Amino acid sequence: MTCIKLAAAAALLTISCFPQSVISFAPMTNHAHYGQDGNMPESNNNSGPLEKLCYTSLRACELMTPLIESIYDELILSPSSSSGSGGVQKVKKDNSAFTIADGTVQRLLIKSLFANMEFRDIVGEEDEGEEEKNEIDWYQVEGLTIPRHIQPLVDSTRIQIESLAKDFLVSNNKACYSKLTIFIDPIDGTREFSSGKGEQCSICIGFADEMGKAVAGVVYRPLSKPSPTWVAGAKCEGYAAHKFDEEKDHSTTGALLSTNGSISPFVDSLIKELEVPRIKAGGAGNKMMMLLQQSISIANNKEMTHHGYLYIQDRGVSRWDTCGAEACLEAFGGNLLKLTEFLREEQDSYYTYLASKTNLDFIPNTAYLTKYNSNLQDLPSPAQKAQDVSQVKAYSNLCGLVAFGKEFNTQEGRKYLRDAIRKAAAVDPPSLD
């Protein structure tokens, strides 16, 4: 994890980009989609500061796509690659995957796109340690060397993104941007990326206000076929945009989206209670996009009202997985909430997206310590619940999640979900591990 403090203490700001509607959330008015000419919709003078930020982030993702494709195709999938795959990927301490794409994409976003604008903080998944303080060697990533034939593409991409930032991240939005915390997952679904399922990976960029509420976000799938797909949104500005593969057939039944791996007894019981099929998919951002694509299809076909996808998870992901996706879901009328609070009460409860040395959403004796969420050098055996905030990582989502589209975001829809979750939890309580 990387947390970079970008802005020093400044004089009291008298201008805010967040009107009262950020708290009450103004109704959505501006749905956009990919242009018929194949070009990304342009930002214009009437765009709000968050929409401009989303647009610029999308353009940066677009510029990085050839580089990501090169790493994926030539270094990970190609058995004939002279560089092999051993030098471009490794396994981190928590047994999660890491590739040169993870480190390079994060570095391009932090050091090239966002570096010259004062944000409150930037939190990235990948930890570069002491490299933050020294001059950057763009060809070295977490001890891995970018192969020589890829290095010119790194250079050209960096130059293009730096030019993009100068053109679009203008200083007259400084009052707004200085209050934002950015959460970045450079390659969400790295395990899928490194195992030939690149269409399931995404770049997740989320923007949170000074209270830690996700207010804008981008989720971009660079390896979708035949071309990249994405969603972006900022509900408080009435901005919601997307580009999906319009040729894809849409499901005529609801489903619960889950990991490609094993699921908990709780999720298994929930699938049975909901009486829906399970769809396996990698990456939290990818699952959110699948959910949204189905939700948008339902909005365009009233006969499919009860066929929405759900993503309900009692096992941990992290803030960089959910910040951008949460903002996009809300922009399209959906929601992403804490499972623990949704199960217990009616009031919505969201994760807090702020830079912090400790977990701002920690509840003692709730989540089990695992290699993914624990700060402890040695895990207790048998498994134990975390009793103190010092035991858990600052950005682990310890309370599970419930994500749903607009079709479920009604009093009736929420009751249906809550009743099903409570019945499943009565049989198999959420693991929260």
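Refer to the structure above for everything that follows.
Quantities reported herein were computed from a predicted structural model and do not represent experimental measurements. (Residues numbered from 1 in each chain as written. Predicted model: local features only at pLDDT ≥ 70, side-chain atom pairs only at ≥ 80, totals over all residues. Heavy atoms only, no water.)

This next bit is on the sheet that holds strand S16 (residues 335-337). Think of a sheet as strands paired side by side through backbone hydrogen bonds, with each pair either parallel or antiparallel. The strand order S14-S13-S15-S17-S16 describes an open sheet built from 5 strands, whose pairing is mixed. Strands at the two margins of the open sheet, each flanked by one partner only, are strand S14 (278-280) and S16. The mean angle between the axes of side-by-side strands here comes to 25 degrees, regardless of whether they run parallel or antiparallel. When S16 meets strand S17 (residues 401-404), the two strands line up antiparallel, connected through 3 bridges. Residue pairing for S17: Leu 336 is matched across the bridge by Ala 403. Relative to the sheet, helix H9 (residues 319-331) contacts S16 and S17, its axis offset from that of S16 by approximately 135 degrees. In the packing of helix H11 (residues 411-427) onto the sheet, the strands contacted are strand S15 (309-313), S16 and S17, and the crossing angle to S17 comes to about 145 degrees. (Pairing = 2+ DSSP bridges. Helix = DSSP H or I, 4+ residues; strand = E, 2+ residues; numbered from the N terminus. Axes fitted to C-alpha atoms, helices over the stretch in contact; angles between N-to-C directions. Contact = heavy atoms within 4.5 Å.)

Under the defined criterion, the tally for this structure stands at 14 salt bridges. Put simply, Glu 326 and Lys 213 hold a salt bridge, and the shortest N to O gap is 3.0 Å. Placement of the pair is Glu 326 in helix H9 and Lys 213 in the loop between strand S9 (202-208) and strand S10 (214-221), with a sequence separation of 113 residues. Side by side, Glu 326 and Lys 213 carry an identical accessibility label, which is buried. Among the ionic pairs, Asp 361 bridges to Lys 338, the shortest N-O distance being 2.9 Å. Highlighted residues: Asp 361 in the loop between helix H10 (339-344) and S17 and Lys 338 in the loop between S16 and H10, separated in sequence by 23 residues. A relative accessible area of 7% places Asp 361 in the buried class. (Salt bridge = Lys/Arg side-chain N within 4 Å of Asp/Glu carboxyl O. Buried < 20%, exposed > 50% of the residue type's maximum accessible area, 1.4 Å probe, protein only.)

This brings us to empty space enclosed by the protein. Here the idea is plain: a probe the size of a water molecule rolls over the atoms and shows the empty space left. Under the criterion given, the structure shown has 4 cavities of 30 Å³ or more. In this structure, the largest cavity spans a volume of roughly 50 Å³. Together, Leu 256, Leu 257, Ser 258, Thr 259, Ile 263, Val 267, Tyr 311, Ile 312 and Gln 313 line the largest cavity. Taken together, the elements giving at least two residues each to the lining of the largest cavity come down to strand S13 (255-258) and S15. Of the residues belonging to the lining of the largest cavity, the class tally is 6 nonpolar, 3 polar and no charged. (1 Å grid on protein atoms, 1.4 Å probe; cavity = no way out; pocket = protein on both sides within 12 Å on 5 of 7 lines; lining within 4 Å. Points joined across faces, edges and corners; volume = space filled by probe spheres on them. Nonpolar A, V, L, I, M, F, W, Y, C, P; charged D, E, K, R; others polar.)

The next subject is the packing of aromatic side chains. In the structure shown here, the tally under the stated rule is 10 aromatic pairs. Residues Tyr 72 and Phe 193 carry aromatic rings whose centres are separated by 5.2 Å and whose planes lie at 50 degrees to one another, so their mutual orientation is tilted. You can see Tyr 72 sitting in helix H2 (residues 49-77) and its partner Phe 193 sitting in helix H6 (residues 190-193), a full 121 residues away along the chain. Per residue, the accessibility class of Tyr 72 equals that of Phe 193, and both read buried. When the ring centre of Trp 138 is taken as reference, the NZ or CZ atom of Arg 107 above it lies at 5.8 Å. (Phe/Tyr/Trp six-rings, centres within 6.5 Å; stacked < 30°, edge-to-face > 60°. Lys NZ or Arg CZ within 6 Å of the ring centre and 35° of its normal.)

Here the focus is the side chain of Ser 194. Take Ser 194: it is sitting in the loop between H6 and S9. Take Ser 194: its relative accessible area is 19%, and that puts it in the buried class.

This brings us to the environment of Thr 370. Among the structural elements, Thr 370 can be located in the loop between H10 and S17. When its relative accessible area of 15% is taken as the criterion, Thr 370 is described as buried. Sequence separation between Thr 370 and Gln 384 is 14 residues, and the spatial gap between their C-alpha atoms is 8.9 Å. Other than its neighbours up to four places away in sequence, Thr 370 contacts Leu 379 and Asp 433.

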